[in-house]
Amino acid sequence: MAEAQKSRNAKNSAKVEGFLRESVEVAQARLETLEAEAQKLMHEVQTRFQKVSGKDWAEVRERLEHLREVGIERAEEWKDKAQEFRVDAAEKLENLQVSALRFLGVASREEVAELSREINKILKRLDDSRKRKAGKPTRKPVVGQA
C-alpha cells in the first residue's frame with residue numbers, strides 16, 4: 001500500500017511539474033516571439049528613419065537599443081520569477097501531499113523505515129533463538145526411571 005501511495009505521489013508530482021514546466025515553456029516561447037517581432041519592427045523603423053533623416057537616426061537607434069536591452073533584462077527577470085514560482089509551487093504541493101497523508105493516517109517514509117528496522121531486529125532475535133534451540137542436545141529419558 002505504501003508503494004502504491006508513493007507511486008501516486010510521484011505521478012502527481014510529475015504531473016504538477018510537467019504542468020509548471022509547460023507554463024514556463026509557453027512563457028519563454030511567447031517572449032521569443034515578442035523578441036522576434038521587436039527585431040522586425042526595429043528593422044522596419046530603421047529603414048523608414050534612414051529614408052527620412054540620417055542625422056536623427058543615431059539618437060533613435062540608441063534609444064531603441066536601450067529599450068531592447070531593457071526588454072531583454074525584463075525577460076530574464078520574468079524567466080527567473082517563473083522558475084522561482086515553479087520551485088515554490090512544487091514545494092507547496094509536496095507539503096500538501098505530506099499533510100494529506102498525515103491526515104489520512106498513512107505512515108511516512110521515516111516511520112516505515114523505523115518499522116522495518118524494528119521488524120529486522122525481531123527477526124534476527126528469532127533466528128538467534130532458533131539457532132540456540134537447534135544447537136542444544138535434547139535429553140533422552142533414562143530407561144528404568146519413571
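Conventions and cut-offs
Residues numbered from 1 in each chain as written. Predicted model: local features only at pLDDT ≥ 70, side-chain atom pairs only at ≥ 80, totals over all residues. Heavy atoms only, no water. Helix = DSSP H or I, 4+ residues; strand = E, 2+ residues; numbered from the N terminus. Buried < 20%, exposed > 50% of the residue type's maximum accessible area, 1.4 Å probe, protein only. Contact = heavy atoms within 4.5 Å. Areas by Shrake-Rupley, 256 points an atom, 1.4 Å probe, with all protein chains shown as cover. Phe/Tyr/Trp six-rings, centres within 6.5 Å; stacked < 30°, edge-to-face > 60°. Lys NZ or Arg CZ within 6 Å of the ring centre and 35° of its normal. Patch = residues over 30% accessible without salt bridge, like charges linked within 9 Å, V, L, I, M, F, W, Y side chains within 5 Å. Salt bridge = Lys/Arg side-chain N within 4 Å of Asp/Glu carboxyl O. Lys, Arg positive; Asp, Glu negative; His and termini not counted. Charge placed at Lys NZ, Arg CZ, Asp CG, Glu CD. pLDDT = per-residue confidence, 0-100.

**Q** Got a sec to walk through the overall build of the protein chain? Specific residues and values, please.
**A** Across its full length, the protein chain holds three helices and zero strands. The linear arrangement of helices and strands in the protein chain, starting from the amino end, is α-α-α. Looking at the protein chain residue by residue over its 146 residues, the buried ones come to 8%. Sequence-distant contacts in the protein chain: of pairs separated by 6 or more residues, those separated by 24 or more amount to 69%. Roughly 13,100 Å² of accessible area belongs to the protein chain as shown, and the carbon and sulfur atoms make up 56% of that amount.

**Q** Can you break down the packing of aromatic side chains residue by residue, with the values?
**A** What the rule picks out here adds up to zero aromatic pairs. Note that Lys-81 overlies the ring of Trp-78, its terminal NZ or CZ placed 5.1 Å from the centroid.

**Q** Account for a negative patch on the surface, naming residues and giving values.
**A** A surface patch of like charges, here negative, comprises Glu-76, Asp-80, Glu-84, Asp-88, Glu-91 and Glu-94. With respect to the helices, strands and loops of the structure, Asp-80 is situated in helix H2 (residues 54-104). Residue classification places Asp-80 among the partly exposed residues on the basis of a relative accessible area of 43%.

**Q** Run through the pattern of salt bridges, naming residues and quoting values.
**A** In the structure shown here, the tally under the stated rule is four salt bridges. Where Lys-121 meets Glu-118, a salt bridge forms, and the shortest distance between an N and an O atom there is 3.8 Å. Taken together, the positions of Lys-121 and Glu-118, both in helix H3 (residues 109-135) and three residues apart, correspond to about one turn of that helix. Of the residues examined, Lys-121 reaches a relative accessible area of 45% and is grouped as partly exposed.

**Q** Pulling in residues and values, what's your account of the confidence of the model for the protein chain?
**A** Fine structural detail should not be taken from predicted coordinates in areas where pLDDT scores are low. Counting all residues, the mean pLDDT for the protein chain is 81, and 82% of those residues have values of 70 or more. No element of the protein chain has a lower mean pLDDT than helix H1 (residues 2-52), which averages 77, and none a higher one than H3, which averages 91.

**Q** For a nonpolar patch on the surface, give the residues involved together with the corresponding values.
**A** Taken together, Leu-115, Ile-119, Ile-122, Leu-123 and Leu-126 make up a surface patch of nonpolar side chains, about 460 Å² in accessible area. Mapped onto the fold, Ile-119 is located in helix H3. Of the residues examined, Ile-119 reaches a relative accessible area of 48% and is grouped as partly exposed.

**Q** Kindly report on the environment of Glu-25, identifying the contributing residues and their values.
**A** Residue placement: Glu-25 occurs in helix H1. Along the sequence, Glu-25 and Lys-79 sit 54 residues apart, while their C-alpha atoms lie 9.7 Å from each other.

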